[in-house]
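# Inside the fold
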Amino acid sequence: MRERGEYPEFAFYDELQMYRREGRDTHELEGGQKLARYKNMAIKRMIWKMLGAERSALWRRKWYFFIDTDTFIEWDNLLALLEHLNPLKNMYMGSPVWGPTPPFAHGGSGYVFSYKALETLNMPGRGGDEELMYSQYGVNTTALCCGDEALSVALKRKGIEIKGYWPLFNGDPPVTINFGPEMWCEPQPFLFRDLFENAALKIDVQATLFLG
């Protein structure tokens, strides 16, 4: 793909794979955070290809959840929310981050896609996999802060905007959450992040959960 030759961040990935093949310590390398921003939307491409595979067990799940490994989900509250929503509508829900670009769902707090939103995002564009930044849906992720922001830009182009449902989706850790009258008796599907006592132990890994 063109992006491999035109964006230097991808050279880090090749170097990382070389280190692994040679049995060298990958902790010696620097630059992983810059590369990590590209994984967000590439995951959406990968899921869509998995859905199209023959006899795929993932075919047409209603909802897709994207969380980090330090995100706690209160499943009863989340499922109670989703049973009132239509997965055949474009739904992109999370804890909003506001900035100069369209507001985007804070990835560390977890966010939800409906099947329809995933389908709309993956509607074919011109140029196929030879299109510049194909894995990023044509968005110049390099110019943005992170993959979460780039995802919002791509969705905005498809006519999809975030729905916050605050405080149902909350980006605060327990020590800073604003417990008060405006939050009493409000359910919390995605409750907290940064649950590790030692932040140095946190691993930047994103998991995807499917619910049909």
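Residues numbered from 1 in each chain as written. Predicted model: local features only at pLDDT ≥ 70, side-chain atom pairs only at ≥ 80, totals over all residues. Heavy atoms only, no water.

### Quick look at the overall build of the chain
Looking only at helices and strands, the chain has 7 helices and 6 strands in total. Counting from the amino terminus, helix and strand elements in the chain follow one another as α-α-α-α-β-α-β-β-β-β-α-α-β. Taking the contacts inside the chain whose residues are at least 6 apart along the sequence as the reference set, 69% of them involve residues at least 24 apart. Working note: accessible area of the chain is about 12,000 Å², and carbon and sulfur atoms make up 55% of it. (Helix = DSSP H or I, 4+ residues; strand = E, 2+ residues; numbered from the N terminus. Contact = heavy atoms within 4.5 Å. Areas by Shrake-Rupley, 256 points an atom, 1.4 Å probe, with all protein chains shown as cover.)

### As for the packing of aromatic side chains
Evaluation of the coordinates by the stated rule reveals 7 aromatic pairs. Ring centres of Phe66 and Tyr111 lie 5.1 Å apart, and the angle between their planes is 20°; on these two criteria the pair is classed as stacked. With Phe66 in strand S1 (residues 63-68) and Tyr111 in strand S5 (residues 111-114), this residue pair connects regions lying 45 residues apart in the sequence. Taken individually, Phe66 and Tyr111 each receive the classification buried, so the pair is uniform in this respect. An aromatic cluster is present here, built from Phe66, Tyr92, Tyr111 and Phe113 joined pairwise through their rings. Note that Arg24 overlies the ring of Tyr19, its terminal NZ or CZ placed 3.9 Å from the centroid. Its guanidinium or amino end placed over the ring of Phe113, Lys44 lies 5.9 Å from that ring's centre, counting from NZ or CZ. (Phe/Tyr/Trp six-rings, centres within 6.5 Å; stacked < 30°, edge-to-face > 60°. Buried < 20%, exposed > 50% of the residue type's maximum accessible area, 1.4 Å probe, protein only. Lys NZ or Arg CZ within 6 Å of the ring centre and 35° of its normal.)

### Description of the nonpolar core
Counting residues in each nonpolar core, the largest one holds 26 residues, and the members touching the most others are Tyr64, Tyr92, Phe113 and Leu151. Of all the secondary structure elements, the ones that give two or more residues to this core are helix H4 (39-52), S1, strand S4 (104-105), S5, helix H6 (115-121) and helix H7 (147-157). Ranked by residue count, the leading element in this core is H7, at 5 residues. Ranked by size, the runner-up nonpolar core spans 12 residues in total, among them Trp63, Phe65, Met91 and Val112. (Core = buried A, V, L, I, M, F, W, Y, C linked by side-chain atoms within 4.5 Å.)

### Some thoughts on unusual backbone geometry
Positioned with a positive phi, Tyr137 is a non-glycine residue whose angle comes to about 55°. Mapping Tyr137 onto the fold places it in the loop between H6 and H7.

### Some words on the environment of Gly171
Relative to the elements of secondary structure, Gly171 occurs in the loop between H7 and strand S6 (206-211). Residues Gly171 and Ala105, 66 residues apart in the sequence, show an inter-C-alpha distance of 9.5 Å.

### Observations regarding helix H5 (residues 75-82)
The complete set of buried residues in H5 reads Leu78, Leu81 and Leu82. On an axial view of H5, the arc spanned by its buried residues comes to 95°, and they lie on one face. On its buried face, H5 sits against S1, strand S2 (92-94) and S5. (Arc of directions from axis to C-beta.)

### A word on the confidence of the model for the chain
The predicted model of the chain has a mean per-residue pLDDT of 77, with 71% of residues at 70 or higher. Mean pLDDT in the chain bottoms out at S6, which sits at 54, and peaks at S2, which reaches 94. Contacts for the low-pLDDT stretch residues 195-205, under 50 throughout, to residues beyond four places or in other chains number 17 contacts. (pLDDT = per-residue confidence, 0-100.)

### Details of the packing of H4 against H7
H7 packs onto H4 with a crossing angle of 55° between their chain directions and a minimal axis gap of 7 Å. By the criterion of interaxial angle, the relationship of H4 to H7 is oblique. Here Asn40, Met41 and Lys44 of H4 come into contact with H7, specifically with Gly147, Asp148, Ala150, Leu151 and Ala154. Per-class residue counts for the contact of H4 with H7 are 4 nonpolar, 2 polar and 2 charged. (Axes fitted to C-alpha atoms, helices over the stretch in contact; angles between N-to-C directions. Parallel < 35°, antiparallel > 145°, perpendicular 65-115°, else oblique. Nonpolar A, V, L, I, M, F, W, Y, C, P; charged D, E, K, R; others polar.)

### Let's talk about the pattern of salt bridges
Under the defined criterion, the tally for this structure stands at 3 salt bridges. A salt bridge links Glu22 to Arg24; the nearest nitrogen and oxygen atoms lie 3.1 Å apart. Judged by its relative accessible area of 47%, Glu22 falls in the partly exposed class. With a relative accessible area of 38%, Arg24 lands in the partly exposed category. Between Glu161 and Lys156 there is a salt bridge, with its nearest N and O atoms 2.3 Å apart. (Salt bridge = Lys/Arg side-chain N within 4 Å of Asp/Glu carboxyl O.)

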